[in-house]
Amino acid sequence: MRTTMAGFTSFPSLLLISSLLLASYGAACASKVQASVTIVDGLSWTFYNSSCPELESIVRTHLKTVFEKDIGQAAGLLRLHFHDCFVQGCDGSILLDGTDSDPSEKDASPNLTLRAKAFQIIEDLRELVHNTCGRVVSCADIVTVAARDSVYLAGGPEYSLPLGRRDGLTFASQETTVNSLPSSTSNASELVAGLANFNLNATDLVALSGAHTIGIGHCTSLTSRLYPTLDSTLDDTFADELLEICPDADSNSTTVLDIRTPNKFDNKYYINLVNRQGLFTSDQDLYMYNVTSDIVTSFALDEELFFDKFVDAMIKMGQLSVLTGEEGEIRANCSVANSDSTVKLTSAEGDQKETGSAYAV
């Protein structure tokens, strides 16, 4: 029989504290969270004010319609932004199609579970925006705005975005993509070290991990915690539930990332971690690791604090290795480089502005 580990705050007590903080949640959503992050050269808070003032209203209006039918797509779009930025920077390269002989980022194993619908939504948004404004808005910026609106429309914070990204001409190699995106078995120490290569700190890591407050996970990404032996950090009841969902090591079922409010962007993800109910090792270990444990607890107790730090981290992540000015292009179709490009669409081996592994969560 597994026993509850000493030193963990019980679920009822944290749930009570969380309930008492609902007023803070409402206040955070009522007005925009202001980021306190330096903006890189070439991006601007007002970039499309003249060339495409309708951009953000077009994106939000369309996504409201999409989410009314399937709020699960919010998590898909948010994840797409993460997987774009941590591989070759936020340049829309995740959207590019490859070939049998030259597979693209989306063909790499960590990206095979990205929602196909998310790619289609981005292309639909591009068409709507370009039909209104002409070809002045990049696919990379559309992905960024869609991720922000996914957070907000799922109940999270409203915040402004610096825009002006250009689209990359190439996609990363399979090797670079795999090495840049972590396994769900990554521990917190590895994640902290990886993000440091991108000038993202431990608070950024824990805040960005809060994106797992919405969405689903695949059994294939968590069965190492169940088989051949159970991970001792799993809550007993939660472990039993996971064993039912994933009855063997080869199960391909899915389950929610946040067992409390799976379709709402809030701080319940951190309450899950404090109660040993994080789905992946890369989630749960944030509470077990001394460098990140107190940050997890602070977010579990204060949703407004989480929202503030999440916004800062998203703005920082959204500026990784961006192309601006005359760099890159504005694609006419998000899945292919423009036909008049002077650069052939092939894998860009070792052509990143940042080096080292990075971690999407």
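Residues numbered from 1 in each chain as written. Predicted model: local features only at pLDDT ≥ 70, side-chain atom pairs only at ≥ 80, totals over all residues. Heavy atoms only, no water.

1. Examining the overall build of the chain
- Across its full length, the chain holds 14 helices and two strands.
- Burial status across the chain gives 54% buried among its 361 residues.
- If you take every contact in the chain between residues at least 6 apart in sequence, the share linking residues at least 24 apart comes to 80%.
- By element, 50% of the accessible surface of the chain is carried by carbon and sulfur atoms, the whole surface being about 14,700 Å². (Helix = DSSP H or I, 4+ residues; strand = E, 2+ residues; numbered from the N terminus. Buried < 20%, exposed > 50% of the residue type's maximum accessible area, 1.4 Å probe, protein only. Contact = heavy atoms within 4.5 Å. Areas by Shrake-Rupley, 256 points an atom, 1.4 Å probe, with all protein chains shown as cover.)

2. Comments concerning helix α12 (residues 281-288)
- Burial of α12 is extensive: six of the eight residues sit out of reach of the surface.
- Those residues of α12 that sit buried are Thr-281, Ser-282, Asp-283, Gln-284, Leu-286 and Tyr-287.
- The secondary structure elements touched by the buried residues of α12 are α8 (188-196), α9 (202-209), α11 (268-274) and α13 (290-301).

3. Points about the environment of Asn-199
- By the secondary structure assignment, Asn-199 is in the loop between α8 and α9.
- Residues Asn-199 and Met-317, 118 residues apart in the sequence, show an inter-C-alpha distance of 9.2 Å.
- Every residue in contact with Asn-199, bar those within four places of it in the chain, is listed here: Asp-204 and Lys-316.

4. Points about the UniProt feature "binding site: Ca(2+) 1" (unreviewed entry) in the chain
- Mapped onto the present numbering, the UniProt feature "binding site: Ca(2+) 1" (unreviewed entry) falls on Asp-84, Val-87, Gly-89, Asp-91, Ser-93 and Glu-105. For the annotated residues, spread through 22 residues, the largest C-alpha to C-alpha distance comes to 12.3 Å, consistent with a single compact locus.
- Structurally, the position occupied by Asp-84 is in helix α4 (residues 72-85).
- Using a relative accessible area of 1% as the deciding quantity, one classes Asp-84 as buried.
- Setting aside residues no more than four positions away along its own chain, Asp-84 makes contact with Gly-89, Cys-90, Asp-91, Gly-92, Ser-93 and Ile-94.
- Structurally, Glu-105 can be placed in the loop between α4 and α5 (116-133).
- Residues contacting Glu-105, with those up to four places away along its chain left out, are Val-87, Gln-88, Ser-93, Ile-94, Asn-111, Phe-171, Ala-172, Gln-174 and Thr-177.
- Only 2.6 Å separates the side chain of Glu-105 from the side chain of Ser-93, close enough to count as a polar contact. (UniProt positions renumbered as here; feature names shortened; annotations may be inferred. Polar contact = N/O pair within 3.5 Å; in protein donor to acceptor, adjacent residues only side chain to side chain.)

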